[in-house]
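Fold and geometry: a report
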Amino acid sequence: MPRHVVRPGDNVKSIIKKYKADLENLVLANSHIRDFERLTPGEVINIPGYTDGSLIHLEPRPLKPQLLTMLGISDRQISEHTKLYHDYINKINQIRTKLQSVNRSDVNSTHSDFRSLKIAETHAVVGYNIDWSVVNSRWMNVKTTDSVV
């Protein structure tokens, strides 16, 4: 995936125009950037784009071993959330694969295959973020079996 080092005078619009990138994918590829309205010279921006076929393909991360030893969280709960996590990753990747080959000549604001896929992608990404932020907030304050009380 190409990268861009922010220079003085760069803004998100000029970067999108230069690389013919999609704003939504640019934001998803750069979770390390807090505010796209205030880019700092020297920041490195990942440039996903349709021109080079580099839509972000997600890979599931391995389960952290300390999650398996948490008090108050059952193996079943961990298993169910892990399955949800893998399902969200698979759905997002499936949608992004379809986006690479969708016909863009008939795109409009009311209905098109591209628009439908982008809406589905947004729902999958938001669902993934909500589910895991809830899980992480619950698990952050739970002691593990080997912690000192």
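For the structure itself, look to the data block above.
Note that this is a predicted model, so its numbers are computed, not measured. (Residues numbered from 1 in each chain as written. Predicted model: local features only at pLDDT ≥ 70, side-chain atom pairs only at ≥ 80, totals over all residues. Heavy atoms only, no water.)

**A closer look at the overall build of the protein**
Broken down by element type, the protein carries 4 helices and 2 strands. For the protein, buried positions account for 32% of its 149 residues. Taking contacts inside the protein between residues at least 6 apart in sequence as the whole, the part at least 24 apart equals 68%. When the accessible surface of the protein is summed, it comes to about 10,100 Å², and 55% of that surface belongs to carbon and sulfur atoms. (Helix = DSSP H or I, 4+ residues; strand = E, 2+ residues; numbered from the N terminus. Buried < 20%, exposed > 50% of the residue type's maximum accessible area, 1.4 Å probe, protein only. Contact = heavy atoms within 4.5 Å. Areas by Shrake-Rupley, 256 points an atom, 1.4 Å probe, with all protein chains shown as cover.)

**What to know about helix H1 (residues 12-19)**
Because the α-helix completes a turn every 3.6 residues, residues three or four places apart line up on one side. Along H1, the positions that sit buried rather than exposed are Val-12, Ile-15 and Ile-16. Taken end-on, H1 shows its buried residues confined to a sector of 100 degrees, consistent with a single buried face. Turned more than 90 degrees away from the buried face of H1, the exposed residues are Lys-13, Lys-17 and Lys-18. Of the surrounding elements, those touching the buried residues of H1 are strand E1 (3-5), helix H2 (23-29) and strand E2 (44-46). Positive backbone phi, approximately 55 degrees, marks Lys-20, located one or two places after H1. (Arc of directions from axis to C-beta.)

**Brief notes about the nonpolar core**
The biggest cluster of nonpolar side chains holds 11 residues, and these are Val-6, Val-12, Ile-15, Ile-16, Ala-21, Leu-26, Ile-33, Phe-36, Leu-39, Ile-45 and Ile-47. It is H1 that provides the largest number of residues to this core, a total of 3 residues. Counting 8 residues, the second-largest nonpolar core is a separate cluster that includes Ile-95, Val-102, Leu-117 and Val-125. (Core = buried A, V, L, I, M, F, W, Y, C linked by side-chain atoms within 4.5 Å.)

**Here we look at the pattern of salt bridges**
Evaluation of the coordinates by the stated rule reveals 4 salt bridges. A salt bridge links Asp-87 to Lys-83; the shortest N-O distance between them is 2.8 Å. Taken as a pair, Asp-87 and Lys-83 lie in helix H3 (residues 75-101) at a separation of 4 residues, close to a single helical turn. We classify Asp-87 as partly exposed; its relative accessible area is 37%. With a closest N to O distance of 2.8 Å, Lys-118 and Glu-121 form a salt bridge. Here the residue Lys-118 and the residue Glu-121 both occupy positions in helix H4 (residues 113-140), the gap between them amounting to 3 residues, near one helical turn. Via salt bridges that share partners, Arg-96, Lys-118 and Glu-121 belong to a single interconnected network. (Salt bridge = Lys/Arg side-chain N within 4 Å of Asp/Glu carboxyl O.)

**Quick notes on the environment of Val-27**
Tracing the chain through its elements places Val-27 in helix H2. For Val-27, a relative accessible area of 39% corresponds to the partly exposed category.

**Quick word on the side chain of His-4**
Here His-4 lies in strand E1. For His-4, a relative accessible area of 2% translates into the label buried. A polar contact of 2.7 Å, which involves the side chain of His-4, links it to the side chain of Asp-10. Discounting residues that sit within four places of it in the chain, His-4 has contacts with Asp-10, Ile-15, Lys-18, Tyr-19, Glu-43, Val-44, Ile-45 and Ile-47. (Polar contact = N/O pair within 3.5 Å; in protein donor to acceptor, adjacent residues only side chain to side chain.)

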